[in-house]
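Here's the letter readout for the chains.
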Amino acid sequence: MTFKPQTLDEALEKIEKVRRIRQGKFYLRDDTITMSHGSGGKAMHNLIDGLIGATFSNPILDRLDDAAVIPLGDQGQNGRLAFTTDSYVVSPLFFPGGDIGRLAIHGTINDLATAGAEPLALSVALILEEGLSMDLLRRVIDSLKSAADEAGVSIVTGDTKVVDRGSADQLFINTAGVGLIHRPGHLSSFHARSGDLILINGPVGDHGIAVMMAREALELELDVVSDTAPLHSLAAALLDAVPEARCLKDPTRGGLATCLNEIAINSEVGIALTETAIPVSPQVRGACEILGIDPLTIANEGKLVAVIPAAAEAAALAALRGHPLGRQACTIGEVIGEPAGMVFLRTEIGGTRVLDMLVGDPLPRIC
């Protein structure tokens, strides 16, 4: 099966159409900022679509993918730059399986990976609170360096600011990354088609639960660690095997549910998931049952969601499972034609329920 990339005119027409749909779905009614506006769920989409994105609107930004794709001169499809930026305010700074430094490097690399880009370079900006321990700062700096070295990406520029005591909760990090796209076609949440399949590379919810247990000092005998990891080599392996892949996303804030709702809205399709097919570890499932939260709305930092043509399923799973970060890869659902813009969960007991975006913010400050 071959995949014909959209022309620029076709892409712009689709973006404008979906932007009008999104403006009808997300609108800002709040008078003040709340923690929910940073959750990745509905409140955050209302803020972006109702104010930030609407103000800065342009054809590149309006795609609202994890990384912007910028053409380089006359090089066309095979000469494009991926560019992304992110900020990290996780609390605590160190948690089982990771820390704010590794999270910052991995998160930026992963946003580039979802565009099919080879990461080239990163920036790191530090906002330090007066009174921060120099030993703690050194640990974070060392973590940033080791994570970048392990991923084979250099930190080439940055900035440092210090703010008054009590203004930054010890330490915040902002990163940006650039990458080069060598492949033809354009991965995007606008490209899912009826009949496509939804794949993921492993269990969901580990990162959010690991951070929450560390922050709240919950006395639960659960061995849960963050899944934070750089996904660029996993994404490259998948794209080598399935160059016709439609879309890649990392389900961070808002979790799997929010990630798939974004794809359904942008592509004007429905998505049907099979609850029993979605991998969730017993430890995470147990914690979620105790805390009354849905593992499908919890942030992940080492998970890759792929939308692929159904005919490529075997090749895609083989490529993912052949990589250390994809050994538990599986198919969790399919793209359906209608109703457009909605995600459904086929439950274990044989029913069907709507799986909406995250509402509220049950786990603040996890990334």
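Our subject is the structure listed above.
These remarks concern the structure in this document. Computed from a predicted model, the values in this text were never measured in an experiment. (Residues numbered from 1 in each chain as written. Predicted model: local features only at pLDDT ≥ 70, side-chain atom pairs only at ≥ 80, totals over all residues. Heavy atoms only, no water.)

## Things to note about the pattern of salt bridges
The tally for this structure, following the rule as stated, stands at 12 salt bridges. A salt bridge links Arg102 to Glu150; the nearest nitrogen and oxygen atoms lie 2.8 Å apart. With Arg102 in helix H3 (residues 100-113) and Glu150 in helix H4 (residues 134-151), this pair connects stretches of sequence that are 48 residues apart. Exposure remark for Glu150: the relative accessible area of 56% places this residue in the exposed category. Notably, a salt bridge pairs Asp240 with Arg183, separated by 3.1 Å at the nearest N-O pair. Of this pair, Asp240 sits in helix H6 (residues 232-241) while Arg183 sits in the loop between strand E7 (171-181) and strand E8 (197-200), and the two are 57 residues apart along the sequence. When its relative accessible area of 25% is taken as the criterion, Arg183 is described as partly exposed. In this structure, a network of salt bridges that share partners links the residues Asp66, Lys249 and Glu262. (Salt bridge = Lys/Arg side-chain N within 4 Å of Asp/Glu carboxyl O. Helix = DSSP H or I, 4+ residues; strand = E, 2+ residues; numbered from the N terminus. Buried < 20%, exposed > 50% of the residue type's maximum accessible area, 1.4 Å probe, protein only.)

## Here we look at the environment of Phe172
With respect to the secondary-structure elements, Phe172 resides in strand E7. For the pair formed by Phe172 and Ala125, sequence separation is 47 residues and the distance between their alpha carbons is 8.5 Å. Setting aside anything within four residues of it in sequence, one finds Phe172 in contact with Tyr88, Val89, Ala125, Leu126, Ile127, Ser167 and Arg365. (Contact = heavy atoms within 4.5 Å.)

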